[in-house]
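One letter stands for each residue in the lines below.
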Amino acid sequence: MVAQSTFRLAARPRGFHVVTAEITRHLPTLPRTGLLHLFIQHTSAAITVNEAADPDVLADFESIFNKLVPENMPFLIHTLEGPDDMPAHIKAAMIGNAITLPITEGRINLGTWQGIYLCEFRNRASERSLVATVYG
Amino acid sequence: MVAQSTFRLAARPRGFHVVTAEITRHLPTLPRTGLLHLFIQHTSAAITVNEAADPDVLADFESIFNKLVPENMPFLIHTLEGPDDMPAHIKAAMIGNAITLPITEGRINLGTWQGIYLCEFRNRASERSLVATVYG
Amino acid sequence: MVAQSTFRLAARPRGFHVVTAEITRHLPTLPRTGLLHLFIQHTSAAITVNEAADPDVLADFESIFNKLVPENMPFLIHTLEGPDDMPAHIKAAMIGNAITLPITEGRINLGTWQGIYLCEFRNRASERSLVATVYG
C-alpha cells in the first residue's frame, strides 16, 4: 500500500514552529504499521523532529542557528535575494528537507517529547508545499 | 513486507559510539532487497552513519560539536534542564534522529568504512528507545 | 515493488555539485507513485537537496561549511589522513549521507528550485558509490 498527498502549510513568520497537528490533518489514512515520509519542496525552509513541550526551545533554536549561520558574511556572492536567503539555504541543508517517521498501531510513533518542526528561515515566507507519502 | 520492532540501546556516556552490532541484534529478519529505517524517540540524542574504524574519529566528533554548539551561550532561555540540554537539542537537529539504510542480499549495505553511530548529547543519559522498520 | 541499483558518480573536485541529471540516468524504472532512496557509501561526502539554479549558491555552500568546520583545529587527534579528512566526516554528518525523495506520476517530485547535490569534502576524491532503492 502506497498513498500520497500534496498540501500546503500556512505561512509562518521566520522561526521554528511545531506543526504536528496541522500536518496530521493533511495525511492520507495511515496503515497499521508502516512509514510516513514528509518532503518540503523548498530550499529555504526545513522540517525536523525535536522537543515540542517548551516554546522557549523554539526561540533558542532560532537564536543558535542565527549565530551558527549569520547574515552578511562578507565572502558571500549569492546576495541578490536578500541577506536572509543564503543563510536559509545553509540552515536547510544542516537540518534537512525531509523526515521519515514510523507508523505503529495506526499512528505516528513519536517519542513523548517529540513534535514535528517547520523551520522557516525567510523573513517573508509564503505557504510551504509538502509531499506526504505513506507506506504500509 | 513490512516488519517493525522497538528496542532499547544500552545507556552510554556522552559522546559518539559505534552501535552497528548492538542494533543488528535487535532487528527483525531482513528481506533480500529493501530498506531499514531506524528512528530514535528522543530529542537529545542522534543517529547517523560515519567512519567506524578509528576511535579517534569519535573523540574528534565530540570535540567539534562541542565547539560548534557550546554550553552556556548567554542568550539561551531554555536552561532549566541543565547546560547540556539545549545544545543537545541543536546537535540532534543538525545530525538527525533517523537513518534509512539499503538492504542488499539480506544485509545492511554499508560502505567499507561506515558504521552506525549513536550520538549521546546528555551528561547523564539513560537507555535510548529506537523503532526499526524494515521494508522489502 | 522494490528495485535497487548500485552505481558510481564520476569523481568531482572538492565542493558542491548539482548531480540530478547524472543520478537520473542510473535509476531503475520509477513507479507511478512511490519513494526513491539514495545512499552514499562513503564517510567524507554527502548528498542533499538544495537550490540548483544559481552556481553562486554552490560556491557559498563551500565557503560557509569551510568556515563552520575549519581545517587544522588544534585539538583534533584523527589527523593522519590529512587536514581535510576529519572536517569531511563532520560535514558529512551535518548534511547527511542519504536522501529520500517522493515519486509522483512517474517522476522525482522536486520543487521548482530544487536539485540533488553531491557534496564532495575531500581534496582528491575518486568516484563515489551510491545505492538507489525505489519503492512503489
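Our subject in this report is the structure included herewith. Quick caveat, the model's predicted, so the values are computed rather than measured. (Residues numbered from 1 in each chain as written. Chains lettered and ligands numbered in written order. Predicted model: local features only at pLDDT ≥ 70, side-chain atom pairs only at ≥ 80, totals over all residues. Heavy atoms only, no water.)

### Digging into the interface of chain C and chain B
And step 1. Listed by partner, the interface residues are 28 residues for chain C and 32 residues for chain B.
And step 2. Of the roughly 2500 Å² buried between chain C and chain B on both sides combined, carbon and sulfur atoms contribute 66%.
And step 3. Counting across the chain C and chain B interface gives 0 salt bridges.
And step 4. At the boundary of chain C with chain B, the tally comes to 13 residue pairs in polar contact (both at pLDDT 80 or more).
And step 5. The set of elements that each furnish at least two residues to the side of chain C that touches chain B consists of strand S1 (2-9), strand S3 (33-40), helix H3 (85-95) and strand S8 (128-135) of chain C.
And step 6. Per-element tally for the side of chain C that touches chain B: the top contributor is H3 of chain C, with 6 residues.
And step 7. Looking at the side of chain C that touches chain B, its residues break down into 18 nonpolar, 9 polar and 1 charged. (Contact = heavy atoms within 4.5 Å. Buried area = accessible area lost by both parts, 1.4 Å probe. Salt bridge = Lys/Arg side-chain N within 4 Å of Asp/Glu carboxyl O. Polar contact = N/O pair within 3.5 Å; in protein donor to acceptor, adjacent residues only side chain to side chain. Helix = DSSP H or I, 4+ residues; strand = E, 2+ residues; numbered from the N terminus. Nonpolar A, V, L, I, M, F, W, Y, C, P; charged D, E, K, R; others polar.)

### Examining the pattern of salt bridges
And step 1. Summed over all chains, the structure comprises 18 salt bridges over all chains.
And step 2. Between Glu 62 of chain A and Arg 14 of chain A there is a salt bridge; the shortest N-O distance is 3.0 Å. One end of the pair, Glu 62 of chain A, is in helix H2 (residues 55-68); the other, Arg 14 of chain A, is in the loop between strand S1 (2-9) and strand S2 (15-18), and 48 residues separate them in sequence.
And step 3. The class of Glu 62 of chain A is buried, set by a relative accessible area of 16%.
And step 4. Look at Arg 14 of chain A and you get partly exposed, because its relative accessible area is 22%.
And step 5. Taking the shortest distance from any N to any O, the salt bridge between Arg 128 of chain C and Glu 120 of chain C comes out at 2.8 Å.
And step 6. Via salt bridges that share partners, Arg 14, Glu 62 and Glu 71 of chain A belong to a single interconnected network. (Buried < 20%, exposed > 50% of the residue type's maximum accessible area, 1.4 Å probe, protein only.)

### What to know about the interface of chain A and chain C
And step 1. Facing 28 residues of chain A, the contacting portion of chain C comprises 32 residues.
And step 2. Carbon and sulfur atoms make up 66% of the surface buried where chain A meets chain C, a total of about 2500 Å² over both sides.
And step 3. Remark: the boundary between chain A and chain C carries 0 salt bridges.
And step 4. Counting across the chain A and chain C interface gives 12 residue pairs in polar contact (both at pLDDT 80 or more).
And step 5. With 6 residues, the top contributor of residues to the side of chain A that touches chain C is helix H3 (residues 85-95) of chain A.
And step 6. Of the residues that constitute the side of chain A that touches chain C, the class distribution is 18 nonpolar, 9 polar and 1 charged.

### What about the pairing of strand S3 (residues 33-40) of chain B?
Residue and element names in this part refer to chain B.
And step 1. Counting buried residues in S3 gives 7 out of 8 residues, a clear majority hidden from the surface.
And step 2. Bridge analysis of S3 against strand S5 (residues 98-104) gives 7 bridges, and the strand direction is antiparallel. Bridge pairing in S5 links Leu 35 to Pro 102.
And step 3. Direction of pairing for S3 relative to strand S8 (residues 128-135): antiparallel, over a ladder of 6 bridges. Residue pairing across strands places Ile 40 opposite Leu 130, the latter belonging to S8. (Pairing = 2+ DSSP bridges.)

### Brief notes about the relation of the copies chain C and chain B
And step 1. When chain C is fitted onto chain B, the two copies agree to an RMSD of 0.0 Å after a turn of 120° and an axial shift of 0.0 Å. Taken together, the rotation angle and the small translation identify this as a three-fold axis. For chain C, the residue whose C-alpha comes nearest the rotation axis is Met 94 of chain C, separated from it by 3.2 Å. (Least-squares fit on C-alpha atoms with pLDDT ≥ 70 in both.)

### Observations concerning the sheet that holds S8 of chain C
And step 1. Ordered in space as S1-S8-S3-S5-S6 (chain C), the 5 strands form an open sheet in which the pairing is antiparallel. Edge positions in the sheet fall to S1 and strand S6 (107-108) of chain C, since each has one partner strand and no second.

### A closer look at the layout of surface pockets
And step 1. A volume near 350 Å³ is recorded for the largest pocket.
And step 2. In this structure, the largest pocket is lined by 19 residues; those nearest its centre are Trp 113 of chain A together with Ser 44, Glu 81, Arg 122 and Arg 128 of chain B.
And step 3. When its residues are assigned to classes, the lining of the largest pocket shows 2 nonpolar, 10 polar and 7 charged. (1 Å grid on protein atoms, 1.4 Å probe; cavity = no way out; pocket = protein on both sides within 12 Å on 5 of 7 lines; lining within 4 Å. Points joined across faces, edges and corners; volume = space filled by probe spheres on them.)

### Concerning helix H2 (residues 55-68) of chain B
Residue and element names in this part refer to chain B.
And step 1. The terminal C-alpha atoms of H2, which comprises 14 residues, lie 20 Å apart, in line with the 20 Å expected from a rise of 1.5 Å per residue.
And step 2. The complete set of buried residues in H2 reads Val 57, Leu 58, Asp 60, Phe 61, Glu 62, Ile 64, Phe 65 and Leu 68.
And step 3. The opening residue of H2 is Asp 54, an N-cap whose side-chain oxygen sits 2.9 Å from the backbone nitrogen of Asp 56. (Expected span 1.5 Å × (residues − 1).)

### Section: unusual backbone geometry
Residues and elements named next belong to chain B.
And step 1. Of note in the backbone geometry, Asn 72 takes a positive phi value of approximately 65° without being a glycine.
And step 2. Positionally, Asn 72 belongs in the loop between H2 and helix H3 (85-95).
And step 3. Classification of Asn 72 as exposed rests on a relative accessible area of 61%.

### A few points about H3 of chain A
All names here are of chain A.
And step 1. Of all 11 residues making up H3, 11 are buried, and the element is well covered by its neighbours.
And step 2. Asp 85, Met 86, Pro 87, Ala 88, His 89, Ile 90, Lys 91, Ala 92, Ala 93, Met 94 and Ile 95 are the residues of H3 that are buried.
And step 3. Of the residues flanking the end of H3, it is Gly 96, one or two places downstream, whose phi is positive at about 110°.

### Some details on the side chain of Thr 133 of chain A
And step 1. Residue placement: Thr 133 of chain A occurs in strand S8 (residues 128-135).
And step 2. When its relative accessible area of 0% is taken as the criterion, Thr 133 of chain A is described as buried.
And step 3. A polar contact of 2.9 Å, which involves the side chain of Thr 133 of chain A, links it to the side chain of Gln 4 of chain A.
And step 4. Leave out the neighbours within four places in its chain, and Thr 133 of chain A touches Val 2, Ala 3, Gln 4, Leu 35, Leu 36 and His 37 of chain A together with Gly 34, Leu 35 and Pro 102 of chain C.

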